[in-house]
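# Structural features, examined
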Amino acid sequence: MLAKILGVSVAGYTMQEAIDFLLKRLLNQQKSFVVTANAEIIMLAQHDNDFKRIITEEVDLVLPDGAGVVLAARYLGYHMPERVAGCDLVSEILKIAANRNLKVYFFGAAPEVAQKASEVSIEKNPGLKIAGVRDGFFS
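Residues numbered from 1 in each chain as written. Predicted model: local features only at pLDDT ≥ 70, side-chain atom pairs only at ≥ 80, totals over all residues. Heavy atoms only, no water.

Scanning the model with the defined rule gives five salt bridges in all. Across the salt bridge formed by E58 and R53, the nearest N and O atoms sit 2.2 Å from each other. The exposure class assigned to R53 is partly exposed, which follows from its relative accessible area of 33%. (Salt bridge = Lys/Arg side-chain N within 4 Å of Asp/Glu carboxyl O. Buried < 20%, exposed > 50% of the residue type's maximum accessible area, 1.4 Å probe, protein only.)

The structure is reproduced here in structure tokens:
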């Protein structure tokens, strides 16, 4: 079920449903563009047309990463079972990747942040395979 909140369609998924959706796409070698939307992201979309187009037309999945989004959906009459925080989702995906011998790529953030994130992820998830690391700054 999708909840329409100020023009942004947010999936009423549990954490496990989000993981199942993403794992199925991964195993079918489908790229996935996921937005974990909090109230600030939905409000930004109200003032930035390019941003709104991206998160409404180009995204594969928008998840409710914030109590405000969950409450707004429920107030509007949608079934929104729980908050699916992006950091928790990534942690779960990394555990699965380590257990299934899948590779992950760390992309974005300030210089050295992605590298540090990959190192911490390996410590927390023994056996995790890193396909690559790249910060979000380009020359």
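I5, V8, V10, V35, I42, V62 and M80 are the most contacted members of the largest nonpolar core, which has 15 residues in total. Among the secondary structure elements, those contributing two or more residues to this core are β1 (2-5), β2 (8-11), β3 (34-37), α2 (39-47) and α4 (67-75). If one sorts the elements of this core by residue count, α4 sits on top with three residues. A11, I19, L61 and L89 belong to the second largest nonpolar core, which has nine residues in total. (Core = buried A, V, L, I, M, F, W, Y, C linked by side-chain atoms within 4.5 Å. Helix = DSSP H or I, 4+ residues; strand = E, 2+ residues; numbered from the N terminus.)

The alternating pattern of β1 places A3 and I5 on a buried face, while none of L2 and K4, on the opposite face, is buried. Summarising the sheet, β1 and β2 pair through four bridges and their orientation is antiparallel. Within the sheet, the bridge partner assigned to K4 lies in β2 and is S9. Turn length for the β1-β2 hairpin, with the two strands adjacent in sequence and antiparallel, is two residues, and the turn residue L6 shows positive phi of about 50°. (Pairing = 2+ DSSP bridges.)

This part is about helix α1 (residues 15-27). Note on helix geometry: an α-helix contains 3.6 residues per turn, so any two residues three or four positions apart are oriented the same way. Here α1 contains 13 residues, and its C-alpha end-to-end distance of 18 Å stays within 8% of the 18 Å for a straight helix at 1.5 Å per residue. Where α1 is buried, its residues meet β3, β4 (61-64) and α5 (86-100). (Expected span 1.5 Å × (residues − 1). Contact = heavy atoms within 4.5 Å.)

Assignment of secondary structure puts D65 in the loop between β4 and α4. The class of D65 is buried, set by a relative accessible area of 15%. A distance of 3.4 Å separates polar atoms of two side chains, one belonging to D65 and the other to T36. Here R83 takes part through its side chain, which lies 3.1 Å from a polar atom of the side chain of D65. For D65, the contacting residues outside a window of four places in its chain are T36, A37, N38, R83, V84, A85 and G86. (Polar contact = N/O pair within 3.5 Å; in protein donor to acceptor, adjacent residues only side chain to side chain.)

Together, Y105, F107 and F138 give the surface a local cluster of nonpolar side chains, amounting to about 400 Å² of exposed area. Take Y105: it is sitting in strand β5 (residues 103-107). (Patch = residues over 30% accessible without salt bridge, like charges linked within 9 Å, V, L, I, M, F, W, Y side chains within 5 Å. Areas by Shrake-Rupley, 256 points an atom, 1.4 Å probe, with all protein chains shown as cover.)

This paragraph deals with the environment of R100. Mapped onto the elements of the fold, R100 is located in helix α5. Since its relative accessible area comes to 46%, R100 is described here as partly exposed. Separated by 25 residues in the primary sequence, R100 and Y75 have C-alpha atoms spaced 39 Å apart. Setting aside anything within four residues of it in sequence, one finds R100 in contact with L23 and L27.

Spatial relationships are all this shows, so hold off on functional conclusions.
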